[in-house]
Structure formats: structure tokens, C-alpha cells
Amino acid sequence: MATSKQCWSATGRRKRSSAQVTLKSGTGIILVNGIDVNEYMPYATLVMDLKQPLTMTNNENKFDITVNVKGGGFSGQTGAIRLGITRALLKYDATSDQTRDDSYRKILKTAGFVTRDPRVKERKKPGLKKARRAPQFSKR
């Protein structure tokens, strides 16, 4: 009889990126769109950035993480994955007492990982080169 592992899933968004994150108890493997995270992300700093919620809660080798991410660039995708991991960790820790100093919510909230960054690229307006950049004015 096959035993189903308990899993926690959450969605994270940043800029134009959206990431569906699933945590399962395991050994610390992170797959992004079916590829290992170190191969998918072009820079080690991005990998370090998305692992920050796991590092702060001492869960680096406790969960296997599967991520489906789409849209945006690597930086936005990293932010989306980080928020998704944070939200999934909060679901995992939801049954414990949240008033403790070592609760995941307190640790991640003080680090600023729980808040979604709302900044999105502003749309281009007609008559302008970009969102606010006007064509150069020539007097003569």
C-alpha cells in the first residue's frame, strides 16, 4: 500500500512572474520547471535569494520543493518562488503556536519575506517613448 506524503502548496507572484510551489518532506532537492534550480537560474545569488526562507527557518534539507514558474525574467521569478516558499512554510507551521519567538511567521515577517512586492512595470503611454520618457524637445 503506497503512503501519500503530506504536501503544502502556495502561489507566489513578483512583477510579471507567477510561481506555484509545492513542499514535500524530503532531502532538500529544488526543481524549477522540472530542472534543478542550480541549472535553471543563471546566477548563484538568485539561488541563494530564493533559498533564504528555508535558511532562516533551518529547513534547507528538510523539504523537497517542486516549482512551476512562468512569466517575467529570472529576478522576478526568483522573487515569486521565494514568496511561494514562504507561504508554503507558513502553511506547514500553521498548527503551531504563532505567539512564540521561533514561529516561522515571526521569523519570516521580520525578514520581510511575507509581504508581496507590488511593484509592476508601468504601461507605456501614447506620444511618449516609455511610460514617462518624453521625446527630446528641440527649440530650433
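Bear in mind that the values here come from a model prediction, so they are computed numbers and not experimental data.

Visitor: Which parts of the structure should I look at to understand the pairing of strand E1 (residues 7-14)?
Guide: Regular strands place side chains that alternate from one sheet face to the opposite one. Going residue by residue along E1, you find Trp-8, Ala-10, Gly-12 and Arg-14 tucked away on one face and Cys-7, Ser-9, Thr-11 and Arg-13 left uncovered on the opposite face. For E1 and strand E2 (residues 17-25), the ladder comprises eight bridges, and the chain directions are antiparallel. In the strand pairing of E2, Ala-10 is matched with Val-21. Linking E1 to E2, which pair antiparallel, is a turn of two residues; within it Lys-15 sits at a positive phi near 55 degrees.

Visitor: So what exactly am I meant to see when it comes to the pattern of salt bridges here?
Guide: Two side chains of opposite charge can pair, provided their charged atoms sit close to one another. Under the criterion given, the structure shown has five salt bridges. The closest approach of N and O atoms between Glu-122 and Arg-132, which form a salt bridge, is 3.1 Å. Residue Glu-122 is found in the segment after helix H5 (104-111), and its partner Arg-132 is found in the segment after H5; the two are separated by ten residues along the sequence. Judged by its relative accessible area of 68%, Arg-132 falls in the exposed class. It is possible to trace a salt-bridge network through shared partners that takes in Arg-14, Asp-117 and Arg-119.

Visitor: Looking at this structure, I do not really get unusual backbone geometry. What am I missing?
Guide: Leaving glycine out, the prevailing phi sign among residues is negative, and the prevailing peptide bond configuration is trans. If you check the backbone angles, Lys-15 has positive phi at about 55 degrees while not being a glycine. According to the relative accessible area criterion, Lys-15 is partly exposed, its value standing at 44%. The phi torsion at Asn-33 lies on the positive side, around 50 degrees, for a residue other than glycine. For Asn-33, a relative accessible area of 31% corresponds to the partly exposed category.

About the cut-offs
- Counting restarts for each chain, with residues numbered from 1 along the sequence as it is written.
- It should be noted that, the model being predicted, local features are given only for residues of pLDDT at least 70 and side-chain atom pairs only at 80 or more, the latter also being counted only at that level, while totals for whole chains, interfaces and linings use all residues.
- Computation of side-chain values covers all heavy atoms of the structure but excludes hydrogens and water.
- Relative accessibility under 20% of the residue-type maximum defines a buried residue, over 50% an exposed one, and the middle range a partly exposed one, all with a 1.4 Å probe and only protein chains included.
- Secondary structure is summarised from DSSP: a helix means a run of H or I of at least four residues, a strand means a run of E of at least two, and numbering begins at the N terminus for each.
- Criterion used throughout: strands pair if DSSP finds at least two bridges between them.
- In the sections that follow, a salt bridge refers to a side-chain nitrogen of Lys or Arg positioned within 4 Å of a carboxyl oxygen of Asp or Glu.

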